[in-house]
Amino acid sequence: MSHQRWLLPACLAPAALFFLAFWLLPVLRLVALPAGQGWGTYLVVLTNGRYLLSMANTLALSVAVTLLTLVLGSAIGIFLARRTFWGKQLLLSLLTLPLSFPGVIIGFFVILLGGRQGLVADLGAAFGMERITFAYGLLGLFLAYLYFSLPRAIATYAAAAEAMNLQLEEAARSLGASRLQIVRDVWLPELAPTTLACGAILFATSMGAFGTAFTLASKFEVIPITIYNEFTNYANFALAASLSITLGIVTWAVLFVARRFGSDAANVAKR
């Protein structure tokens, strides 16, 4: 019995040490750093125009990417789940292939398309027009984030659509419901938990995306690049910590709200 009593603590000790060394202590250090330059450092994102603009850029870009990704991902995912055709699995695997690409490679893809030596610029020059570039601004970042996010939404909605209760849809159709009414009264409630959870993950991923932004964000600054510049180029660790805390709070809040309303939506869908 004495050996069994110590077995569980012995098994938990490595996990506890890992949690302490690689999560709790770094987070405590991160939270304490800005206090060395005054408590106002915690609010620098609200009091400094440059950092406020960077955060606003990141929020606007993340919201726009999330909304469009949900629309496109749900349409494609539901279509693939409801249709059977030759090459379906191959098509699904190709659509979700970008999941294996890091952000830097996706940024490089956008440069190959819309960079100074990209395909669009070469076509413009070939037809005697000005070399068009869009890779290094808002449009380039938006397309890269969308390319990075869309496979996640497609895979998520395809799995959710396959698990939908077809009997509800058949019952609604037998009662004379139109396609729009079926989408509104059957699909949307059943897919609401998936939409909330997927949207929260997409938003959090876009907010914290670094590799893609590092490759493309030379004309449009987002908060991950601002944080990187502060602690790498200026060695301003307190300010970088403050911006990191703000970024973490925003993403955590969105994930918390999604979990809260997602559970409520799941309960409503089961009734």
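Owing to the predicted nature of the structure, the values given are computational and were not obtained by experimental measurement.

## Observations regarding helix H9 (residues 179–208)
Between its terminal C-alpha atoms H9 stretches only 38 Å, short of the 44 Å expected from 30 residues at 1.5 Å a residue. Ala 192 marks the point of greatest bend in H9, at about 50 degrees, and the proline Pro 193 comes within the next four residues.

## Section: the layout of surface pockets
Its boundaries defined by the atoms lining it, the largest pocket holds a volume of some 200 Å³. What lines the largest pocket is simply Ala 75, Ile 78, Phe 79, Arg 82, Arg 83, Glu 169, Arg 173, Arg 179, Ile 182 and Trp 187. Of all the elements in the fold, those that place two or more residues in the lining of the largest pocket are helix H3 (49–82), helix H8 (166–174) and H9. The element best represented in the lining of the largest pocket is H3, accounting for 4 residues. In terms of residue class, the lining of the largest pocket is built from 5 nonpolar, no polar and 5 charged. Computed from the structure, the second largest pocket encloses a volume of approximately 150 Å³. Looking at the second largest pocket, the residues that line it are Trp 23, Val 27, Leu 30, Val 31, Ser 244, Ile 245 and Gly 248. Within the residue set of the lining of the second largest pocket, elements represented by two or more residues are helix H1 (2–32) and helix H12 (237–270). A total of 4 residues in the lining of the second largest pocket trace back to one element, the largest contributor, which is H1. Within the lining of the second largest pocket, the residues separate by chemical class into 5 nonpolar, 2 polar and no charged.

## Looking at the packing of H3 against helix H11 (residues 223–232)
Packing of H3 against H11 brings their axes to within 8 Å, and their N-to-C directions diverge by 140 degrees. Classified by the angle their axes make, H3 and H11 are oblique. Counting all contacts with H3, which are made through Arg 50, Tyr 51, Ser 54, Met 55 and Thr 58, the residues of H11 involved are Ile 223, Pro 224, Thr 226 and Glu 230.

## Things to note about the nonpolar core
Leu 61, Ala 135, Leu 141, Tyr 145, Ala 213, Leu 216 and Val 222 are the most contacted members of the largest nonpolar core, which totals 20 residues. Elements that contribute at least two residues to this core include exactly H3, helix H5 (103–114), helix H7 (138–162) and helix H10 (211–216). Per-element tally for this core: the top contributor is H7, with 6 residues. Excluding anything up to four places from it in sequence, Ala 213 contacts Leu 141, Tyr 145, Val 222 and Ile 225. Listed in part, the 15 residues of the second largest apolar core include Leu 70, Ile 78, Ala 153 and Met 164.

## Some details on the side chain of Thr 251
In this fold, Thr 251 is placed in helix H12. Taking relative accessible area as the criterion, Thr 251 reaches 14% and is therefore assigned buried. Apart from the residues lying within four places of it in its own chain, the contact partners of Thr 251 are Ala 204 and Met 207.

## Comments concerning the pattern of salt bridges
Where charged atoms of side chains with opposite charge meet at close range, the side chains can pair. A complete count under the given rule lists 2 salt bridges for this structure. Put simply, Glu 221 and Arg 50 hold a salt bridge, and the shortest N to O gap is 3.2 Å. Highlighted residues: Glu 221 in the loop between H10 and H11 and Arg 50 in helix H3, separated in sequence by 171 residues. Look at Glu 221 and you get partly exposed, because its relative accessible area is 25%. Judged by its relative accessible area of 35%, Arg 50 falls in the partly exposed class.

## Topic: unusual backbone geometry
With a phi angle near 55 degrees, Ala 235 is a residue other than glycine that sits in the positive phi range. The topology assignment puts Ala 235 in the loop between H11 and H12.

## Brief notes about the side chain of Asn 57
With respect to the helices and strands, the residue Asn 57 is situated in helix H3. Assessed through its relative accessible area of 15%, Asn 57 is described here as buried.

## Notes on the packing of H7 against H9
Between H7 and H9, the shortest axis-to-axis distance is 10 Å and the interhelical angle comes to 160 degrees. Accordingly, the angle class assigned to the pair H7 and H9 is roughly antiparallel. You can see that H7 and H9 cross each other, and the crossing is right-handed. Of the residues in H9, those touching H7 at Tyr 145, Phe 148, Ser 149, Arg 152, Ala 153, Thr 156, Tyr 157, Ala 160 and Ala 161 are Leu 191, Thr 194, Thr 195, Cys 198, Leu 202, Thr 205 and Ser 206. Here the contact of H7 with H9 is built from residues that sort into 9 nonpolar, 6 polar and 1 charged.

Conventions used here
Residues numbered from 1 in each chain as written. Predicted model: local features only at pLDDT ≥ 70, side-chain atom pairs only at ≥ 80, totals over all residues. Heavy atoms only, no water. Helix = DSSP H or I, 4+ residues; strand = E, 2+ residues; numbered from the N terminus. Expected span 1.5 Å × (residues − 1). Bend = angle between axes of the 7 residues up to and from the residue. 1 Å grid on protein atoms, 1.4 Å probe; cavity = no way out; pocket = protein on both sides within 12 Å on 5 of 7 lines; lining within 4 Å. Points joined across faces, edges and corners; volume = space filled by probe spheres on them. Nonpolar A, V, L, I, M, F, W, Y, C, P; charged D, E, K, R; others polar. Axes fitted to C-alpha atoms, helices over the stretch in contact; angles between N-to-C directions. Parallel < 35°, antiparallel > 145°, perpendicular 65-115°, else oblique. Contact = heavy atoms within 4.5 Å. Core = buried A, V, L, I, M, F, W, Y, C linked by side-chain atoms within 4.5 Å. Buried < 20%, exposed > 50% of the residue type's maximum accessible area, 1.4 Å probe, protein only. Salt bridge = Lys/Arg side-chain N within 4 Å of Asp/Glu carboxyl O. Left-handed = near helix turned anticlockwise from the far one by under 90°.

Note that all results are geometric; they support no functional claim without further evidence.
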